[in-house]
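Given next are the chains, with one letter for each unit.
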Amino acid sequence: MAFTSPNSHFTLTPFLYFLLLLTSSSLPLLTLSLNITTLLSPFPELSDFTSLLSAAISTDLSLRSSLTLLAVPNPYLSSSSDLTRHLSPSSRADVLRYHVLLEYLSPNDLTRIPPSGKLITTLYQTTGRATNDFGSVNLTRDPTTGIVSVRSPAPFSPSNATVLGLIKTLPYNVSIFSVNSLLVPYGFDLMASETRPPLGLNITKALIDGHNFNVAASMLAASGVVEEFEADEGGAGITLFVPTDTAFSDLPANVRLQSLPADKKSVVLKFHVLHSYYPLGSLESIVNPVQPTLATEQVGAGSYTLNISRNNGSVSINTGIVVASVTQTVFDQKPVAIFGVSKVLLPKEIFASQPVISAKPGTPISGGAPTPDSAPSPEDSLNGQDFSSPPGFKEIKSEAAAITGLRSLGIASCCIGLYLMV
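Residues numbered from 1 in each chain as written. Predicted model: local features only at pLDDT ≥ 70, side-chain atom pairs only at ≥ 80, totals over all residues. Heavy atoms only, no water.

- As recorded in an unreviewed UniProt entry, the chain goes by the name FAS1 domain-containing protein, listed as coming from Rubus argutus.
- Quoted straight from UniProt, the Subcellular location (unreviewed entry) entry for the chain says "Cell membrane". (UniProt positions renumbered as here; feature names shortened; annotations may be inferred.)

Put into structure tokens, the structure is as follows:
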């Protein structure tokens, strides 16, 4: 029996037809197995980068048949070589995966990149460790100069590089371009090091120097938790949200921090601290708005979390019953960030059972319960109304003022030690 092609007069014998089927079915197996080390070996200016690739991700690369590699020449890598040694082997491998684009790009392809850019997935995205599309890079081309830039798609990310030129290309399989900087995925910190000494910041002193945080400084010193905060400065660092003195004076009448047991007071203070260093730019572009606090670590997962978002040009912090905003940067030097906030962050786990009762603007509050005339509606209490001082808070304010006056005499630290809010 013979097989005739419908578009020709060519006749196939059964054996030839079987051989054709066998050959065509095996074609997908004839893919190129990449040996990037071999491809890069003729280029001594890439020797350091080649060594890193070979040690960290050579197996990953050998499984790929089509890619574009962004290689960093030795002179440009040397400025980061000391830093990359501080990374764990897995983190170093992920940084290198970020230089492997999972798409073949020829030199002509780069000239056709639109000014708006082109988002391309990297090998790092396939690990599942990249949030959103932060495992991709955005290629842009300046139509005037022809310069092609590579950037992280994350907002405010400083990681970027410029394509210097083509190193090698194997059409439709591999292109290797040189770039003038190491690319770092969003969220990585090349300066992180377990051996780096902590900053050793005196948080209480930093707050007193901030001129508007005397009450918070006193509470932290009296409770002893400030020592825990300072001990946590190493590693991932910490971020503190510190209420201003005005925020304490604006507390609702029925919120009496002074009367809380010592353990709950400690939890409230820890509720104002994230166990990671976040500069303001990172807070403004935070990926996961629900952030655990040091109180979460003490009490349990899922509790005592803060919802952080960007609202009307500022950072908003929602506790579930209080919405505060970041008003100023008090201190920012890795690994510690301290921000002033407009309200005391009241955790719902403690205060949700106590309705937040505020005074109408301009209505003084006496030591007793608010009268029906002065008691606001529940809506008023949630709309950011100003609160007058709770009973007994005038004494706190006067002592805070005394601290502020004495600090000019150089004895503010002594006053902080004398003031105990227990």
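1. Observations regarding empty space enclosed by the protein
Point 1. Throughout the structure, instances matching the rule amount to five cavities of 30 Å³ or more.
Point 2. Along the wall of the largest cavity there are 15 residues; nearest its centre are Ala216, Leu220, Pro243, Leu269 and His272.
Point 3. Going through the elements one at a time, α9 (214–223), β10 (238–243) and α12 (262–270) are the ones with two or more residues in the lining of the largest cavity.
Point 4. Examining the composition of the lining of the largest cavity, we find that four residues originate from one element, β10, more than from any other.
Point 5. For the lining of the largest cavity, the residue count by class is 14 nonpolar, one polar and no charged. (1 Å grid on protein atoms, 1.4 Å probe; cavity = no way out; pocket = protein on both sides within 12 Å on 5 of 7 lines; lining within 4 Å. Points joined across faces, edges and corners; volume = space filled by probe spheres on them. Helix = DSSP H or I, 4+ residues; strand = E, 2+ residues; numbered from the N terminus. Nonpolar A, V, L, I, M, F, W, Y, C, P; charged D, E, K, R; others polar.)

2. Structural notes on the packing of helix α3 (residues 47–56) against helix α6 (residues 89–97)
Point 1. Running from N to C, α3 and α6 cross one another at 120 degrees; their axes reach a closest spacing of 10 Å. Considering the angle they form, α3 stands oblique to α6. Relative to α6, α3 is oriented so that their crossing is left-handed. Of the residues in α6, those in contact with Phe49, Leu52, Leu53 and Ala56 of α3 are Arg92, Ala93 and Leu96.
Point 2. Its residues assigned to classes, the contact of α3 with α6 comprises six nonpolar, no polar and one charged. (Axes fitted to C-alpha atoms, helices over the stretch in contact; angles between N-to-C directions. Parallel < 35°, antiparallel > 145°, perpendicular 65-115°, else oblique. Left-handed = near helix turned anticlockwise from the far one by under 90°. Contact = heavy atoms within 4.5 Å.)

3. Details of the pairing of strand β16 (residues 336–341)
Point 1. Among the six residues of β16, six are classified as buried, and the element is accordingly described as predominantly covered.
Point 2. Along β16, one buried face is formed by Val336, Ile338 and Gly340 and the opposite face, lined by Ala337, Phe339 and Val341, is buried too.
Point 3. Taken together, the six bridges between β10 and β16 define a ladder with parallel strand orientation. Bridge pairing in β16 places Ile238 opposite Val336. (Buried < 20%, exposed > 50% of the residue type's maximum accessible area, 1.4 Å probe, protein only. Pairing = 2+ DSSP bridges.)

4. A word on the confidence of the model for the chain
Point 1. Per-residue confidence for the chain gives a mean pLDDT of 74; residues scoring 70 or more make up 69%.
Point 2. Contacts for the low-pLDDT stretch residues 1–12, under 50 throughout, to residues beyond four places or in other chains number 14 contacts.
Point 3. Every residue in residues 15–32 is under pLDDT 50, and counting partners more than four places away or in other chains gives eight contacts. (pLDDT = per-residue confidence, 0-100.)

5. Quick notes on the sheet that holds strand β4 (residues 100–101)
Point 1. Strand order in the open sheet formed by seven strands is β4-β3-β9-β8-β7-β6-β5, with mixed pairing between adjacent strands. What marks the edges here is a single partner per strand, and that holds for β4 and β5 (118–121).

6. What about the packing of aromatic side chains?
Point 1. Applying the stated rule across the entire model yields four aromatic pairs.
Point 2. When the centroid spacing of 6.2 Å and the interplanar angle of 85 degrees are considered together, the rings of Tyr98 and Tyr124 count as edge-to-face. With Tyr98 in the loop between α6 and β4 and Tyr124 in the loop between β5 and β6 (136–141), this residue pair connects regions lying 26 residues apart in the sequence. The same class applies to Tyr98 as to Tyr124, namely buried.
Point 3. Ring plane angle 25 degrees and centroid distance 6.3 Å describe the contact between Phe241 and Phe339, whose orientation is recorded as stacked. Taken together, the residues Phe241 in strand β10 and Phe339 in strand β16 connect sequence positions 98 residues apart.
Point 4. The exposure class assigned to Phe241 is buried, which follows from its relative accessible area of 1%. (Phe/Tyr/Trp six-rings, centres within 6.5 Å; stacked < 30°, edge-to-face > 60°.)

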